[in-house]
2 protein chains.
Amino acid sequence: MTRAEAAVPLARLFAMAFRHLIDELHERLDERGWPDHRPAFGFVLLAAREQPLTGRAIGDLLGMTKQAASKLVESMEDAGYVRRRPDPSDARVKVVALTPRGHRLLDVVEEVYAELETDWSQVIGVERLEAMRSDLLDVLRARHGGDLPAVRPTW
Amino acid sequence: MTRAEAAVPLARLFAMAFRHLIDELHERLDERGWPDHRPAFGFVLLAAREQPLTGRAIGDLLGMTKQAASKLVESMEDAGYVRRRPDPSDARVKVVALTPRGHRLLDVVEEVYAELETDWSQVIGVERLEAMRSDLLDVLRARHGGDLPAVRPTW
DNA sequence: CCGCGATAGTCAACCCAGTTGACTACTTCT
DNA sequence: AGAAGTAGTCAACTGGGTTGACTATCGCGG
């Protein structure tokens, strides 16, 4: 192992790994007839399926302002993946929920993404892959006050 | 383990881990009197120390066009971290090399970054940390034709 | 039950890192 | 020598994101 190789910072590997996975994901989505998406779409869809989301919550999740989140949701709405409706219990709030088309996209995303992780596990094995996942969860929670930090990489 | 927790995609964890490390790094650099940097600075400094870099190579490394790389280098030059000089062996090329100030910044960056990885190893242990590093190297090389992909996260 | 601070969302202006496209200068291949 | 390819630059533009100001609504303490 060369001197340079021994020292590759994890931060750099994380950035590369994220970029690589997202690029591959979008490439394969494109092949299956779901072109022109942004990485944020998937994260929003996934979170919005778990529970109805407010704009503010989306901003926090992604690590951006509520205004930016609002623009993002608007573009997702235009593309037909989500819709915004007033919250009956709080007139200030508009709730973001998946449309049928959004559910279909998310299904494809999860299917393709599962293939990607499978590809990875064929290189390093399932055990190491799952070790990575649980180690990352542990570290991030420990070093970030118990909860997970925002998703969007700061560049 | 809840249903949601079991399924946290690695891509999301990588993004969070990168963001977290970079944010912490910049925070600590700021405390030590090195404010106002972009993540790319460190990657360029590190690569330029190993060997003289061309603008094109910087673009490839980071995953952006040579024009964008040129702008970046210009701002690093303005900040006094690098300088560009003509390549004696090829008059088309301008070579990017570290200034003394650039070397000093890189030293601090590496010092602080080492602290961050040490913090991580105190949560999951050195073995798991190094396993993560070598597994990521293996996977990225295997899934990217032998060499490492570009650094900048696509967002 | 009033009033005030806090919160959700929107609008508008702006910023700036990065892209696209066109160009010059130089090198390399044949 | 000529053609194809490569390094860098200039200028115009894009678009995701921020800042700041505003409205409407909620909820708590007095």
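It should be noted that the structure appears before, not after, this text.
Every residue gets a number counted from 1 within its own chain, in the order that chain's sequence is written. The lettering of chains begins at A and the numbering of ligands begins at 1, in the order of writing. This being a predicted model, a pLDDT of at least 70 is required before a residue's local features are given, and a value of 80 or more before pairs of side-chain atoms are given or counted; all residues contribute to the totals for chains, interfaces and linings.

Novice: Which parts of the structure should I look at to understand the overall build of chain A?
Specialist: Runs of H or I in DSSP of at least four residues are treated as helices and runs of E of at least two as strands, each being numbered from the N terminus. Counting secondary structure elements, chain A contains seven helices and three strands. Seen in sequence order, chain A has helices and strands lined up from the N terminus as α-α-α-β-α-α-β-β-α-α. The burial label depends on the number of other C-beta atoms within 10 Å of a residue's C-beta. Counts of 20 or more mean buried, 12 or fewer mean exposed, and intermediate counts mean partly exposed, with C-beta atoms placed from the backbone. Going through the 155 residues of chain A one by one, you find that 33% of them count as buried. Throughout, a residue-residue contact means that the two C-beta atoms, derived from backbone geometry, are no farther apart than 7 Å. Sequence-distant contacts in chain A: of pairs separated by 6 or more residues, those separated by 24 or more amount to 47%.

Novice: Can you help me understand the protein's contact with DNA strand D in this one?
Specialist: The rule is simple: place the C-beta atom from the backbone, and if it lies within 6 Å of a molecule or strand, the residue is near it. Taken together, 20 residues sit near DNA strand D, with M64, A68 and A91 of chain A together with G55 and R92 of chain B positioned nearest. Secondary structure elements with two or more residues in the surface near DNA strand D: α5 (66-78) and β3 (90-98) of chain A together with α4 (55-62), α5 (66-78) and β3 (90-98) of chain B. Split by residue class, the surface near DNA strand D holds six nonpolar, six polar and eight charged. Nonpolar residues are Ala, Val, Leu, Ile, Met, Phe, Trp, Tyr, Cys and Pro. Charged residues are Asp, Glu, Lys and Arg, and all others, Gly as well, are polar.

Novice: Could you clarify how one ought to interpret the pairing of β3 of chain A in this entry?
Specialist: Consecutive side chains of a regular strand alternate in pointing toward one face of the sheet and then the other. All names here are of chain A. Here strand β1 (residues 53-54) runs beside β3; their pairing, made up of two bridges, is antiparallel. Bridge assignment links T54 to a residue of β3, and that residue is V95. Pairing between strands is defined by DSSP: at least two bridges between them are needed. Pairing of strand β2 (residues 82-87) with β3 involves six bridges; the strand directions are antiparallel. Residue pairing across strands places R85 opposite V95, the latter belonging to β3. Adjacent in sequence and paired antiparallel, β2 and β3 are bridged by two residues.

Novice: Where do I start with the sheet that holds strand β2 (residues 82-87) of chain B in this structure?
Specialist: Adjacent strands of a sheet pair through backbone hydrogen bonds, lying either parallel or antiparallel. All names here are of chain B. Across the sheet, which stays open at both edges, the three strands sit in the order β1-β3-β2 with antiparallel pairing between neighbours. Strand pairing shows two members of the sheet lacking a second neighbour, β1 (53-54) and β2, which therefore form its edges. To get an axis, fit a line to the C-alpha atoms, keeping to the stretch in contact for a helix; angles then go from 0 to 180 degrees between the N-to-C directions. Lying on the sheet, helix α3 (residues 39-50) is in contact with β1, β2 and β3; it crosses β3 at an angle near 110°.

Novice: So what exactly am I meant to see when it comes to the protein's contact with DNA strand C here?
Specialist: In the region of DNA strand C, 20 residues are neighbours, and G55 and R92 of chain A together with M64, A68 and A91 of chain B sit closest. For the surface near DNA strand C, the secondary structure elements donating two or more residues are α4 (55-62), α5 and β3 of chain A together with α5 and β3 of chain B. Here the surface near DNA strand C takes four residues from α5 of chain B, the largest share from any one element. Here the residues of the surface near DNA strand C sort into six nonpolar, six polar and eight charged.

Novice: Quick question: what am I supposed to make of unusual backbone geometry here?
Specialist: With the exception of glycine, most residues fall at negative phi, and the peptide bonds are largely trans. Unlike most non-glycine residues, D36 of chain A shows phi in positive territory, near 60°. Following the sequence through the fold, D36 of chain A ends up in the loop between α2 (10-31) and α3 (39-50).

Novice: What should I look at first to understand the nonpolar core in this one?
Specialist: Soluble globular proteins: nonpolar side chains tend toward being buried together. In this structure, F14, A17 and F18 of chain A together with F14, A17 and F18 of chain B are the most contacted members of the largest nonpolar core, which totals 80 residues. With residues near it in sequence (within four places) discarded, F14 of chain A still touches F14, A17 and F18 of chain B. To form a nonpolar core, buried Ala, Val, Leu, Ile, Met, Phe, Trp, Tyr and Cys residues must be joined through C-beta atoms within 7 Å.

Novice: Can you help me understand the relation of the copies chain B and chain A in this one?
Specialist: For the pair of chain copies, the relating operation is a rotation around an axis with a shift along it. Alignment of copies: least-squares fit on C-alpha atoms of residues with pLDDT of at least 70 in both copies. Overlaying chain B with chain A gives an RMSD of 0.0 Å, the required rotation being 180° about an axis along which the chain moves by 0.0 Å. Expressed as a symmetry operation, the mapping of one chain copy onto the other fits a two-fold axis. The position closest to the rotation axis in chain B is occupied by the C-alpha of F14 of chain B, lying 2.5 Å away. In this assembly, 100% of the residues forming the interface of chain B have copies in chain A that are likewise at the interface, indicating an isologous arrangement.

Novice: Help me out: how do you make sense of the environment of R84 of chain B in this one?
Specialist: Residues and elements named next belong to chain B. If you trace the backbone, R84 turns up in strand β2. Judged by local crowding, R84 falls into the partly exposed class, with 18 C-beta atoms found within 10 Å. Separated by twelve residues in the primary sequence, R84 and V96 have C-alpha atoms spaced 4.6 Å apart. Among all residues touching R84, those that are not within four sequence positions of it are V73, E77, K94, V95 and V96.

Novice: Got a minute to help me understand the interface of chain B and chain A in this structure?
Specialist: Taken together, the contacts link 48 residues of chain B with 48 residues of chain A. Residue assignment for the side of chain B that touches chain A shows that the elements contributing at least two residues are α2 (10-31), α3, α6 (100-124) and α7 (126-142) of chain B. Of the residues contributing to the side of chain B that touches chain A, the split by class is 32 nonpolar, four polar and twelve charged.

Novice: What exactly am I supposed to notice about the sheet that holds β1 of chain A here?
Specialist: All names here are of chain A. Here three strands make up an open sheet; going across it, the order is β1-β3-β2 and the pairing antiparallel. Sheet topology places β1 and β2 at the edges, where each strand pairs with a single neighbour. The strands touched by α3 are β1, β2 and β3; relative to β3, the strand with the most contacts, the crossing angle is about 110°.

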